[in-house]
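# Summary of the model geometry
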Amino acid sequence: MQHPIVSSIILAHHFVSPPGWYSDEYALARRYHGIVYVIDGYAEYILGDGSRLHVRQGDCLYMPRGCVYTTRCNDEQAFVHMTVNFDLTASEGLFDAPVRRKLTAPVQFEQQFSALVHHWRVRHPFYYERCMGILYEMIYLLLKEMKDPGSPYMEKLRPARQYLDEHFREEFPLELLPQLCGLSETYFRRIFRKAFHETPAEYRRRLRIACARDLLLNGQCSISETALLCGYPDPAYFSRVFHQTLGMSPSQYMRQHGV
């Protein structure tokens, strides 16, 4: 999966559009990616293909670079919103097309957005670095919200996920996980796969191999020591799993990264 890398922030502001406001600023195309959060009021985004996105209080809207649209707000009420325009290093955006979502946890997102707008406006020393950090937190919250189809199951799976995250280096029977959640093994495995797009065994292996990569690049552990620290008492088996996962042996991985 490619991770979004923000190359620049162009603008961050709190804006009150008067009743009846109309904008064709992006009738040709957006030059940058944009995130809009609606504080109050109503607006209609009319996309280049004729489709329409209606946004209201609590809605978050992502508009990718290159999309075409005009904006019109209600004749009777101001449209109060915050906007941040930014650019990414990759040609792809956060999503392939404009996305509107009413957030399930809007308070945290709105607080982050307000902080971003504040620091961008007052421009104290190192404001840009602060704003970049806040924008990344907002992107994290947005991706987590919109790209997590397993969210309805997360509360049920929380004990198992926490145990895996804290004990993945240890050898324990995976049958323990559904017991921690109070679920049948069949149901647990089904919803775990839906939530994380991998089995519990694959989840644990992913954490182990990620840990192994860090240890190998650190250069202070041998391959055998790395294997043991990551839950593989047999170095040969560790090497096979590592090769299956990354397509190269641990020693090849180290050489590739100059270790």
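Criteria and thresholds
Residues numbered from 1 in each chain as written. Predicted model: local features only at pLDDT ≥ 70, side-chain atom pairs only at ≥ 80, totals over all residues. Heavy atoms only, no water. Helix = DSSP H or I, 4+ residues; strand = E, 2+ residues; numbered from the N terminus. Rg over C-alpha atoms; globule rule 2.2 N^0.38 Å. Buried < 20%, exposed > 50% of the residue type's maximum accessible area, 1.4 Å probe, protein only. Areas by Shrake-Rupley, 256 points an atom, 1.4 Å probe, with all protein chains shown as cover. Lys, Arg positive; Asp, Glu negative; His and termini not counted. Charge placed at Lys NZ, Arg CZ, Asp CG, Glu CD. Pairing = 2+ DSSP bridges. Axes fitted to C-alpha atoms, helices over the stretch in contact; angles between N-to-C directions. Contact = heavy atoms within 4.5 Å.

## Section: the overall build of the protein chain
Scanning the protein chain from terminus to terminus reveals nine helices and nine strands. Rg of the C-alpha trace for the protein chain: 23 Å, well past the compact-globule value of 18 Å for 259 residues, more than 25% over. Dimensions of the protein chain, computed from C-alpha atoms along their principal axes, come out at roughly 70 × 45 × 35 Å. Put simply, the protein chain has 259 residues, and 41% of those count as buried. When the accessible surface of the protein chain is split by element, carbon and sulfur atoms take 52% of a total near 14,300 Å². On the protein chain, the mean spot of the 29 positive side-chain charges and the mean spot of the 28 negative ones are 2 Å from each other.

## Examining the pairing of strand β6 (residues 59–63)
Most of β6 sits inside the fold, with five of its five residues counted as buried. As paired elements, strand β3 (residues 33–40) and β6 share four bridges and run antiparallel to each other. Across the sheet, V36 pairs through a bridge with L61, a residue of β6.

## Focus: unusual backbone geometry
The phi angle at R123 is positive, at roughly 50°, despite the residue not being glycine. For R123, the position within the fold is in the loop between α1 (106–122) and α2 (127–146). Of the residues examined, R123 reaches a relative accessible area of 43% and is grouped as partly exposed. A positive phi is found at F126, a non-glycine position, where the angle reads about 65°. Relative to the helices and strands, F126 resides in the loop between α1 and α2.

## So, the sheet that holds strand β9 (residues 99–102)
What the five strands build is an open sheet, ordered β1-β8-β3-β6-β9; its pairing is antiparallel. Of all strands in the sheet, those bounded by a partner on one side alone are β1 (6–17) and β9. Neighbouring strand axes in the sheet, compared pairwise and without regard to direction, differ in orientation by 15° on average. Running at roughly 100° to β1, α1 makes contact with β1, β3, β6 and β8 (79–88) of the sheet.

## Examining the sheet that holds strand β4 (residues 42–47)
Overall, antiparallel pairing links the four strands, which are arranged β2-β7-β4-β5 in an open sheet. Sheet topology places β2 (22–23) and β5 (52–56) at the edges, where each strand pairs with a single neighbour. Pairing of β2 with strand β7 (residues 69–73) involves two bridges; the strand directions are antiparallel. Across the sheet, residue Y22 finds its bridge partner in β7, namely R72.

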